[in-house]
Amino acid sequence: MRKSTRNWLLITFVSTLIFLLALFPVPAQNPIKYVERDTGAPKIENVYGENWLNWLYHNPVGRATLWTVAKRKFVSSIYGDMMDDPSSAEEIMPFVKEYKVDLSIAQEKKFSSFNDFFVRKLKPEARPINQDSLVVTSPADGKILAYQNLKNSDFYIKGVKFNVASFLNNATLAKRYEDGAMIVFRLAPPDYHRYHFPISGTAPQTNTKIDGDYYSVNPLALRKKAEIFWLNKREFGVIQSPIFGDVIMSEVGATMVGSMIQTYKNTAVKKGEEKGYFKFGGSTVVLFFEKDKINIDEDLLKNTEKGLETTIKMGKRIAEKK
């Protein structure tokens, strides 16, 4: 057999194998369960792009695609540009209906693109801020995981412990928070995607930025890749508070998040004031508190111990001064 024929047969065989593997059915995944805070009722999340996520993280060709292409910045940048195109506005109403997005509380009702809708502002009365100076409020809409002490109530995913030093990329700073509290806020695509200061204090003029990848932060992805939180692009700043000490607030990018935009101008900040917003995609905000500075609300801790996230709205109480 001629060499060229053998090469052609090999290419055909490999291509066919890849095609068949790509079509290989993804094993059924457990649904994402969470607790609705207002009622205490258990719920199952309607996941945006669920089939795509399952394929990326649970199919052999999907995982190869994730590693070589999907996690890369250029993919998220291209998709972000598509969401800025006026033609993307056609996707808004189907999305609103599918995920039951309440547009009545938005400041504007007409949008020039999907990203314009995605970063919509809400009417101030839609998210009242708990004004008690001894209370920490949620910086965003989303779902919470809460840990009172990272050493005693460890944050494990698939047996891998959350690594504060890797997340902050700063071992010296991390030591101050290793036995402190951590609260994780996961924003899904249907959520309001502006984030706000959880306390009053003094914020840095600029965030510390850490380059990284763009893995999904959805639990479907975390089940397969525990290190996502300290592999993804992220940035953080330290908010100095006479009541709560030095509080780290970090924003984490994810698959299809075009960028994180900081909008605050002054270093003296008030609780509930807008800090910035994520462009298209699911994203995460993480808060770190020094040891013995806060008591996280009991319902959030209990749900987390059961492996369940809890829904939250921006401005609602999540903790108080210890």
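As a reminder, the structure under discussion sits directly above these lines.
Predicted, not measured: the structure shown is a model, and the values here were computed from it.

As a further point, take the overall build of the protein chain. A count of helical and extended segments in the protein chain gives eleven helices and 19 strands. For the protein chain, the proportion of its 322 residues judged to be buried stands at 50%. Intrachain contacts of the protein chain at a sequence separation of at least 6 include 75% that bridge at least 24 residues. Total accessible area on the protein chain is roughly 16000 Å²; 54% of this is exposed by carbon and sulfur atoms.

So, on to the sheet that holds strand E17 (residues 294-296). If you walk across this open sheet you meet the three strands as E3-E19-E17, and the pairing is antiparallel. Strand pairing shows two members of the sheet lacking a second neighbour, strand E3 (135-137) and E17, which therefore form its edges. Adjacent strand axes in the sheet meet at a mean angle of 30°, parallel and antiparallel pairs treated alike. Relative to strand E19 (residues 317-321), E3 runs antiparallel, the two being bridged by three bridges. Note that in E19 the partner of Val136 across the bridge is Ala319.

The relation between two aromatic rings is expressed through the spacing of the ring centres and the mutual angle of the planes. Enumeration over the complete set of coordinates arrives at nine aromatic pairs. Residues Tyr177 and Phe288 carry aromatic rings whose centres are separated by 6.5 Å and whose planes lie at 65° to one another, so their mutual orientation is edge-to-face. Of the two residues, Tyr177 sits in the loop between helix H8 (171-174) and strand E7 (181-187) while Phe288 sits in strand E16 (residues 283-289), which places them 111 residues apart along the sequence. Here Tyr177 matches Phe288 in class, with each residue buried. Here the aromatic residues Phe95, Tyr99, Phe111, Phe114 and Phe117 are joined through ring pairs into a cluster of three or more. Lying across the ring of Tyr34, Lys143 places its NZ or CZ 4.7 Å from the centre.

Another aspect to go through is the pattern of salt bridges. Summed over all chains, the structure comprises 14 salt bridges. The salt bridge partner of Glu45 is Lys143, with a shortest N-O separation of 4.0 Å. Of the two residues, Glu45 sits in the loop between strand E2 (42-44) and helix H2 (50-58) while Lys143 sits in strand E4 (residues 142-147), which places them 98 residues apart along the sequence. For the residue pair Glu45 and Lys143, the accessibility class agrees, reading buried in each case. Salt-bridge contacts for Glu309 lead to Arg186; the nearest nitrogen and oxygen are separated by 2.7 Å.

This part takes up the nonpolar core. Side chains that are nonpolar tend, in soluble globular proteins, to be buried together. One finds Ile183, Phe185, Ile294, Ile296 and Ile318 to be the most contacted residues of the largest nonpolar core, which totals 30 residues. Counting only elements with at least two residues in this core, the list comes to E4, E7, strand E12 (245-252), E16, E17, helix H11 (298-305) and E19. The greatest single-element share of this core, amounting to four residues, is contributed by E7. Grouped together as the second largest cluster of nonpolar side chains are 18 residues, Leu173, Val184, Val252 and Val286 included.

Every buried residue of helix H5 (residues 92-99) is listed here: Ile92, Phe95, Val96 and Tyr99. One side of H5 carries all its buried residues, which in axial view fall inside an arc of 100°. Check the buried side of H5 and you find it contacts helix H6 (114-118). At the exit of H5 stands Lys100, carrying a positive phi of roughly 55°.

Below, the discussion takes up the pairing of strand E15 (residues 274-278). The buried fraction of E15 is high, at five of five residues. With three bridges connecting them, strand E8 (residues 194-196) and E15 associate as antiparallel partners. Bridge pairing links Tyr195 to Gly276 in E15. Note that strand E13 (residues 260-262) and E15 share three bridges and pair antiparallel. When the sheet's bridge partners are listed, Met260 is paired in E15 with Phe278.

As a further point, take H11. Those residues of H11 that sit buried are Leu300, Leu301, Asn303 and Thr304. The buried side chains of H11 occupy one side of the element, clustering within an arc of 165° when seen end-on. Those residues of H11 that are buried lie in contact with strand E1 (33-35), E4, E17, strand E18 (309-312) and E19. Once H11 ends, the next one or two residues include Gly307, with phi positive near 80°.

Let us look at the side chain of His193. Residue placement: His193 occurs in the loop between E7 and E8. At a separation of 2.8 Å, a polar atom in the side chain of His193 contacts the main-chain carbonyl oxygen of Asp191.

Definitions and cut-offs
- Residues numbered from 1 in each chain as written.
- Predicted model: local features only at pLDDT ≥ 70, side-chain atom pairs only at ≥ 80, totals over all residues.
- Heavy atoms only, no water.
- Helix = DSSP H or I, 4+ residues; strand = E, 2+ residues; numbered from the N terminus.
- Buried < 20%, exposed > 50% of the residue type's maximum accessible area, 1.4 Å probe, protein only.
- Contact = heavy atoms within 4.5 Å.
- Areas by Shrake-Rupley, 256 points an atom, 1.4 Å probe, with all protein chains shown as cover.
- Pairing = 2+ DSSP bridges.
- Axes fitted to C-alpha atoms, helices over the stretch in contact; angles between N-to-C directions.
- Phe/Tyr/Trp six-rings, centres within 6.5 Å; stacked < 30°, edge-to-face > 60°.
- Lys NZ or Arg CZ within 6 Å of the ring centre and 35° of its normal.
- Salt bridge = Lys/Arg side-chain N within 4 Å of Asp/Glu carboxyl O.
- Core = buried A, V, L, I, M, F, W, Y, C linked by side-chain atoms within 4.5 Å.
- Arc of directions from axis to C-beta.
- Polar contact = N/O pair within 3.5 Å; in protein donor to acceptor, adjacent residues only side chain to side chain.

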